[in-house]
Amino acid sequence: MSAAALGPGAEFDLIRRLTDGLVAPAGVTVGTGDDGACLEGGWVISTDLTLEDVHFRRSWCGPEEWGGRAVRAALSDLAAMAARPVAILLSLAGSADDRASGVLQAVGQGARAAAESLGAAVIGGDVTRSPARVAIDVVVLGRTDDPLLRRGARPGDDLWVTGHLGGAGAAVRMLLDGRRPPPPLEARFARPQPRLAEALWLADTGHLTAGLDLSDGLAGDATHLAAASEVGLEIDESALPVDPHAVEAFGASTALRLALSGGEDYELLLAADPALAAHREGFGDRFPGVPLTRIGRVVAGSGVSLRAPDGERRPAPSAFDHFPDSGSPPS
Ligand SMILES: Nc1ncnc2c1ncn2[C@@H]1O[C@H](COP(=O)(O)OP(=O)(O)OP(=O)(O)O)[C@@H](O)[C@H]1O
Ligand SMILES: Cc1ncc(C[n+]2csc(CCOP(=O)(O)O)c2C)c(N)n1
Ligand SMILES: [Mg+2]
């Protein structure tokens, strides 16, 4: 199977260059470009790197939460593929001081507790010294016989999103400003909830056609689903389930921007045939407190467009990119 296409941005230009020409070997049914790779026999594997001062600051929460958050974010890629978690490999790096003071042990304990609470055992890992900052790499292993891929969305499908958007971005914005977020926003940042059970339930309906998890922000992640499926996506701004606590903290307009571009909500963006709508009530009964919202549609074409409440179409804003405005890498 060929690699799935990714959306625009310097981070993804780099990934395109790094993966150019790669051919998945025998035994690998889905290679690069999706939330994880799929292996024959129903295995899904993915990796996610979390770095101090890039993904969290030391003063923002405790070391158990740094580890727990890294595991939760990594497991979200299994939710994106509607796979059931089985195990993780946990690699930790930190300074000699962080080892001596127990910080690295606490990171590992938080990671292990989060993994076990979500059905994954720690089956290995690695430890190295780092000159200063803490790094946490989590490889996740899951199982599914029918992975949900980013390709597969078709014109005429509806677009759905789980949960609320913008809460984690609002928390990060407050923390960067030196303010303490209120508990519901703090939780969205420190303890994201990968939508693992939700993904399995929705996949079981048989109506999902494509999906991914929202780590960089809907505006950016939607471009990957559009590119991989070779379709256009139309998103109705007024339909977005903006986190009410983000609205309370920042007002509707900034909260909407955070919902589109803030990132790290770890909700799911799903494309589904129109019959999924009949399962919405059942989803609400099974997952109270997790809204399932129809936010737009899949159309013929390419890219992502936003529809403002007055019906005007505009291009989606840019989302989180690790290398913003950094131009092209050398060819
Ligand atoms: N250095 C790399 N070498 C090979 N493939 C890569 C590399 N970095 C990323 N990829 C692949 O590119 C695709 C997109 O990667 P990305 O990290 O953006 O995944 P994601 O699930 O969208 O985001 P997140 O990192 O937030 O989980 C994935 O299939 C990933 O395996
Ligand atoms: C200190 C600090 N500054 C900014 C942010 C926001 N942030 C960092 S990485 C990322 C996208 C997902 O990462 P990845 O693509 O690596 O999975 C976002 C939205 C943060 N969490 N901490
Ligand atoms: Mg992902």
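Residues numbered from 1 in each chain as written. Chains lettered and ligands numbered in written order. Predicted model: local features only at pLDDT ≥ 70, side-chain atom pairs only at ≥ 80, totals over all residues. Heavy atoms only, no water.

Caption draft 1: Quick look at the UniProt feature "binding site: ATP" (unreviewed entry) in the protein chain. Per the UniProt record, the feature "binding site: ATP" (unreviewed entry) sits at Gly-125, Asp-126, Arg-150 and Ser-215. A maximum C-alpha distance of 30.7 Å among these annotated residues, which run over 91 residues, shows that they spread across the structure rather than meeting at one spot. Lining the largest pocket, out of the annotated residues just given, are Arg-150 and Ser-215. Locating Gly-125 in the fold gives a position in strand β5 (residues 121–129). With near-sequence residues (within four places) excluded, Gly-125 lies in contact with Leu-89, Leu-90 and Ser-91. With respect to the secondary-structure elements, Arg-150 resides in the loop between β6 (135–143) and β7 (158–162). Accessibility expressed as a relative area gives 9% for Arg-150, which makes it buried. (UniProt positions renumbered as here; feature names shortened; annotations may be inferred. 1 Å grid on protein atoms, 1.4 Å probe; cavity = no way out; pocket = protein on both sides within 12 Å on 5 of 7 lines; lining within 4 Å. Helix = DSSP H or I, 4+ residues; strand = E, 2+ residues; numbered from the N terminus. Contact = heavy atoms within 4.5 Å. Buried < 20%, exposed > 50% of the residue type's maximum accessible area, 1.4 Å probe, protein only.)

Caption draft 2: Expanded view of the packing of helix α5 (residues 167–176) against helix α6 (residues 183–190). Two elements in contact, α5 and α6, have axes separated by 8 Å at closest approach and are oriented at 100 degrees. With respect to their mutual orientation, α5 and α6 come out roughly perpendicular. On α6, the residues touching Gly-167, Ala-168, Ala-170, Ala-171, Val-172, Met-174 and Leu-175 of α5 are Leu-185, Arg-188 and Phe-189. (Axes fitted to C-alpha atoms, helices over the stretch in contact; angles between N-to-C directions. Parallel < 35°, antiparallel > 145°, perpendicular 65-115°, else oblique.)

Caption draft 3: Seen up close, the site of ligand 2. Near ligand 2 there are 16 residues, and of these Val-54, His-55, Gly-262, Glu-264 and His-322 occur at the shortest range. Here a nitrogen atom of ligand 2 and a backbone polar atom of Val-54 are 3.2 Å apart. In the model, an oxygen atom of ligand 2 is placed 3.2 Å from a nitrogen or oxygen of the Asp-216 side chain. Relative to its unbound accessible surface of 520 Å², ligand 2 loses 89% to contact with the protein. Applying the majority rule of atoms within 2 Å of the grid points places ligand 2 in the largest pocket. Looking at the shell around ligand 2, its residues break down into 6 nonpolar, 4 polar and 6 charged. Split by domain, the shell around ligand 2 shows at least three residues from each of two domains, domain 1 (35–143) and domain 2 (158–315). (Near = heavy atom within 4 Å. Polar contact = N/O pair within 3.5 Å; in protein donor to acceptor, adjacent residues only side chain to side chain. Areas by Shrake-Rupley, 256 points an atom, 1.4 Å probe, with all protein chains shown as cover. Sits in = over half its atoms within 2 Å of the grid points. Nonpolar A, V, L, I, M, F, W, Y, C, P; charged D, E, K, R; others polar. Domains from an automatic or database assignment.)

Caption draft 4: Examining the pattern of salt bridges more closely. Here the structure, examined in full by the defined rule, presents 21 salt bridges. Where Glu-186 meets Arg-191, a salt bridge forms, and the shortest distance between an N and an O atom there is 3.6 Å. Since its relative accessible area comes to 34%, Arg-191 is described here as partly exposed. Residues Asp-236 and Arg-297 are paired through a salt bridge, measuring 2.7 Å at the closest nitrogen-oxygen approach. Taken as a pair, Asp-236 in strand β9 (residues 232–236) and Arg-297 in strand β11 (residues 292–299) lie far apart in primary sequence, 61 residues in all. According to the relative accessible area criterion, Asp-236 is buried, its value standing at 15%. Given a relative accessible area of 25%, Arg-297 falls into the partly exposed group. Among the charged side chains, a salt-bridge network with shared partners connects Glu-234, Asp-236, Arg-297, Arg-307 and Arg-313. (Salt bridge = Lys/Arg side-chain N within 4 Å of Asp/Glu carboxyl O.)

Caption draft 5: Up close: the nonpolar core. Grouped together as the largest cluster of nonpolar side chains are 83 residues, with contacts concentrated most on Ile-136 and Leu-218. For this core, the leading source of residues is helix α2 (residues 63–80), giving 7 residues. Here this core spans two domains, since at least three of its residues come from each of domain 1 (35–143) and domain 2 (158–315). (Core = buried A, V, L, I, M, F, W, Y, C linked by side-chain atoms within 4.5 Å.)

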